[in-house]
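The chain contents come next:
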Amino acid sequence: MRRYVVLRLLQAAMVLWAAYTLSFLILDVLPGDPVSAMAVSSADQGVVDPARIEHLKSEYGYDKPLPLRYAGYLGAALHGDFGDSVSTGRPVTSVIADALPQTVQLTGAGLLAGVAAGGGLAMAATCTSARWLRQLLLSLPPLGVSVPTFWAGLMLVEVFSFRARLLPAFGNDGLRGLVLPAVTLAIPTGAIVAQVLSKSLLTVLDEPYVQTARAKGAGRARIHLRHALRNASLPALTVIGLLVGQLIANAVVVETVFSRNGLGRVTAAAVAVQDLPLVQGVVVFASLVFVLVNLIVDLVYPLLDPRIVVAGGRHWSSA
Amino acid sequence: MSSILDKGVTAEAALRTSDAAAPAVRRRDGGARAVRFLLRRPGLVLSILVIAAVVLASFWPGLLTSRDPLTGVPAQSFRAPGGAHWFGTDELGRDLYARVVHGAALSMKATLIAVAVAFAAGGLLGLLAGFAGRWIDDVLMRFVDVLLSIPALFLSLALVTALGYGTVKVAVAVGVAGVATFARVMRSEVLRVRQAVYVEAARSCGTRWYGVLGRHVLPNATGPVLVLATLDFGTSVLAVSSLSFLGYGAAPPAPEWGTLISDGRNYLANAWWMTALPGLTIAATVLATNRIARALDGEWAGRR
């Protein structure tokens, strides 16, 4: 087991390093001149000063060849220094750290609401004996994954803010402002949870031990809660990594829709002004979260399900 | 009873007829099966109709609307949906239905490019990894793992930052984000087929590697990849529209679906249709492709 943990940690570190390198290469090597883009984006009214370009070139290391520049950047990144954001002049790490709490709050609320709604839907659909109700409930998740997230958010704003005037449409103020964005995030999340969980519940309900429980006179609810759900939720756990990746991606869109401050807004703005250090910082941060969540799922899974035997073999992140 | 007799008769007839006639019988049978299959699934028929309409709109928009998507009548701005304007009009009095119909071309172009990039690059990677094996497999799959470790939207955003704005660039960015999934599916299919007995037989008969690849491995490995391509079509529609909603797609006057929604956003309070109807179009398209993918994946293949 210890061997497995160490190997898995090493793999996670390697994947992160590779993600850093990939994002560096994408932003650095692809066509387009980053320095003049930066100079234009930070210049006043389009007048670009040649001296400013020279200054930026030396500041960001573009006067050095690519391998040296990469080594310098990677060394700094290992010390937690991702450079300074071009548009704000502040260190990338502190820009991300400032924006993070809002996004954690939003995605956390979205994840909770999504898991609760999706889980409830799957339970209700497998529990009910009414055929039409089951078919109706099971037709909702495919709908949830087909709807564009930003559009769902806008429709919620239209109905609950502009028509019913119940909830604020924009901004970061308090719990009331959190409801609509969290519900928007919960739609695709809940849809995936419902799909995975209902499928695994239906499999589990065919198992012999469920029949045994039924034969012994256990009621529908008891079978579901005590026997089926506990076994069915284990396979559903594996999609959590996927869900978290999707949540931070959707947060970019949702924060833009609701004009909330947070990491997503920062990302969208950074892409818009070609703030390369900030974009790279955000991309690496997103994959850090993604890799960490998958690592935790992989490490916790054998503890939850004793049937799983950990072989010390090499299999990389099973995202 | 009569149906059993009928079947017996056709089977006998098929046995008696020459080899040349046998495939024709089978094909007619296949057609009847397809009709029966579709009749039992009204949702699937609807999905096919929706996709047909979208294809029609993107190649021949003139068949669905005669109005110009770019010029409006200022006096008719903000008309609600009705007989004259099915989807209403926007702030400049342009017909929204015409804009959605003409926008299909841009959205479908972006989506097709995205799927093609993911399909070609991912398929090639997976094919090479699965067919070559050994260290080539290892190196390629580690690269695919790295692609998978960056959440798709962030990979696309990094590419958009590097490449710049525009429909084609956004499409390429979305396509690259889909490469890893295609590579994985293609590789696992190639590995599965490579171990089949008929491949071993072909090998032992002295067939060259390209013969094995072209005649045996590729035709048998592409099924699940095509299903994935259908699914990826829906995913790409969503991703492309998200990126153009964020403002990285087509430049303003062009009526791309995601851009239409972000335009409508400014008038959400007084003109709901400008946001709602283009969004419903996207949702219907994605829902339809997902339904078709499900049919291709399980229901149709399962009855063969």
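Bear in mind the structure is a predicted one, so any value in this text is a computation, not a measurement.

What about the overall build of chain B?
- When you go through chain B residue by residue, the secondary structure sums to 11 helices and 0 strands.
- The helix and strand sequence of chain B, counted from the amino end, reads α-α-α-α-α-α-α-α-α-α-α.
- Considering chain B as a whole, with its 304 residues, one finds that 45% of them fall into the buried category.
- Taking as baseline every contact in chain B between residues at least 6 positions apart, the subset at least 24 positions apart corresponds to 67%.

Things to note about the overall build of chain A
- Within chain A, the secondary structure is distributed over 13 helices and 0 strands.
- Each helix and strand of chain A, ordered N terminal to C terminal, gives the series α-α-α-α-α-α-α-α-α-α-α-α-α.
- For chain A, the residues scored as buried account for 40% of the 319 residues in total.
- Look at the contacts in chain A between residues 6 or more apart in sequence, and 73% of them connect residues 24 or more apart.

Things to note about the interface of chain B and chain A
- Each partner contributes to the interface: chain B provides 38 residues, whereas chain A provides 43 residues.
- Listing elements by their share of the side of chain B that touches chain A, those giving two or more residues are helix 5 (134-149), helix 6 (152-163), helix 9 (209-245), helix 10 (257-265) and helix 11 (273-302) of chain B.
- When residues in the side of chain B that touches chain A are grouped by element, the largest group, 10 residues, is from helix 6 of chain B.

Regarding the nonpolar core
- Ranked by size, the top nonpolar core spans 161 residues in total, and within it Val279 and Val282 of chain A together with Phe154 and Ala158 of chain B carry the most contacts.
- When residues in this core are grouped by element, the largest group, 19 residues, is from helix 4 (residues 96-132) of chain B.
- If near-sequence neighbours (up to four positions away) are discounted, Val279 of chain A is found in contact with Leu27, Ala270 and Val271 of chain A together with Leu157, Ala158 and Thr161 of chain B.

Overview of the UniProt feature "domain: ABC transmembrane type-1" (unreviewed entry) in chain B
- As annotated in UniProt, the feature "domain: ABC transmembrane type-1" (unreviewed entry) corresponds to residues 108-293 of chain B in the numbering used here.
- Between the C-alpha atoms that bound residues 108-293 of chain B there is a distance of 17 Å. The span itself is 84% helix and 0% strand.

Quick notes on helix 9 of chain B
All names here are of chain B.
- Over its 37 residues, helix 9 runs only 47 Å from end to end, short of the ideal 54 Å by more than 12%, given 1.5 Å per residue.
- Most pronounced at Val217, the bend in helix 9 amounts to some 45 degrees, and the proline Pro219 follows within four residues.
- The first or second residue beyond helix 9 is Gly247, which carries a positive phi of 100 degrees.

Quick notes on the packing of helix 1 (residues 2-29) of chain A against helix 6 of chain B
- Relative to each other, helix 1 of chain A and helix 6 of chain B sit at 25 degrees, their axes nearing to 8 Å. Taken together, helix 1 of chain A and helix 6 of chain B sit at an angle that is classed as roughly parallel. Of the residues in helix 6 of chain B, those in contact with Ser23, Ile26 and Leu27 of chain A of helix 1 of chain A are Ala158, Leu159, Thr161 and Ala162 of chain B.
- Residues belonging to the contact of helix 1 of chain A with helix 6 of chain B are distributed by class as follows: 5 nonpolar, 2 polar and no charged.

Focus on the UniProt feature "transmembrane region" (unreviewed entry) in chain A
All names here are of chain A.
- In this structure's numbering, the residues bearing the UniProt feature "transmembrane region" (unreviewed entry) are residues 7-27, 104-124, 136-157, 177-197, 232-258 and 278-297.
- Summarising residues 136-157: 91% helix, 0% strand, and an end-to-end C-alpha distance of 26 Å.
- Annotation note: span residues 278-297, helix share 100%, strand share 0%, distance between end C-alpha atoms 29 Å.

Digging into the environment of Pro235 of chain A
Residues and elements named next belong to chain A.
- With respect to the helices, strands and loops of the structure, Pro235 is situated in helix 10 (residues 220-237).
- Since 16 C-beta atoms lie within 10 Å of it, Pro235 is described here as partly exposed.
- Sequence-wise, Pro235 and Lys199 are 36 residues apart; in three dimensions their C-alpha atoms are separated by 10.0 Å.

Brief notes about helix 3 (residues 42-59) of chain B
All names here are of chain B.
- Between its first and last C-alpha, helix 3 extends 26 Å over 18 residues, near the 26 Å set by a 1.5 Å rise per residue.
- Residues of helix 3 that are buried include every one of Ser47, Val54 and Ala57, and no others. The buried residues of helix 3 occupy an angular sector of 90 degrees when projected down its axis, which confines them to one face. Exposed and facing more than 90 degrees away from the buried side of helix 3 are Pro42, Leu49, Ala52, Val55 and Phe59.

Let's talk about the UniProt feature "transmembrane region" (unreviewed entry) in chain B
Residue and element names in this part refer to chain B.
- Within this numbering scheme, the UniProt entry marks residues 43-63, 110-131, 143-164 and 271-289 as carrying the feature "transmembrane region" (unreviewed entry).
- Helix makes up 100% of residues 110-131 and strand 0%, with an end-to-end C-alpha separation of 31 Å.
- End C-alpha atoms of residues 271-289 are separated by 29 Å, and the span's content is 89% helix alongside 0% strand.

Looking at the confidence of the model for chain B
- The predicted model of chain B averages 80 in pLDDT, with 88% of residues at 70 or higher.
- The complex model carries a pTM of 0.82, and its ipTM stands at 0.84.

Concerning unusual backbone geometry
All names here are of chain A.
- One non-glycine residue, Ser259, adopts positive backbone phi at about 45 degrees.
- Here Ser259 shows up in the loop between helix 11 (240-257) and helix 12 (263-272).
- Positive phi, normally seen in glycine, also occurs at Gln274, with a value near 55 degrees.
- In this structure, Gln274 sits in the loop between helix 12 and helix 13 (276-304).
- On the neighbour-count criterion, Gln274 (21 C-beta atoms within 10 Å) is buried.

What counts, and at which threshold
Residues numbered from 1 in each chain as written. Chains lettered and ligands numbered in written order. Predicted model: local features only at pLDDT ≥ 70, side-chain atom pairs only at ≥ 80, totals over all residues. Helix = DSSP H or I, 4+ residues; strand = E, 2+ residues; numbered from the N terminus. Buried ≥ 20, exposed ≤ 12 C-beta atoms within 10 Å, placed from the backbone. Contact = placed C-beta atoms within 7 Å. Core = buried A, V, L, I, M, F, W, Y, C linked by C-beta atoms within 7 Å. UniProt positions renumbered as here; feature names shortened; annotations may be inferred. Expected span 1.5 Å × (residues − 1). Bend = angle between axes of the 7 residues up to and from the residue. Axes fitted to C-alpha atoms, helices over the stretch in contact; angles between N-to-C directions. Parallel < 35°, antiparallel > 145°, perpendicular 65-115°, else oblique. Nonpolar A, V, L, I, M, F, W, Y, C, P; charged D, E, K, R; others polar. Arc of directions from axis to C-beta. pLDDT = per-residue confidence, 0-100.

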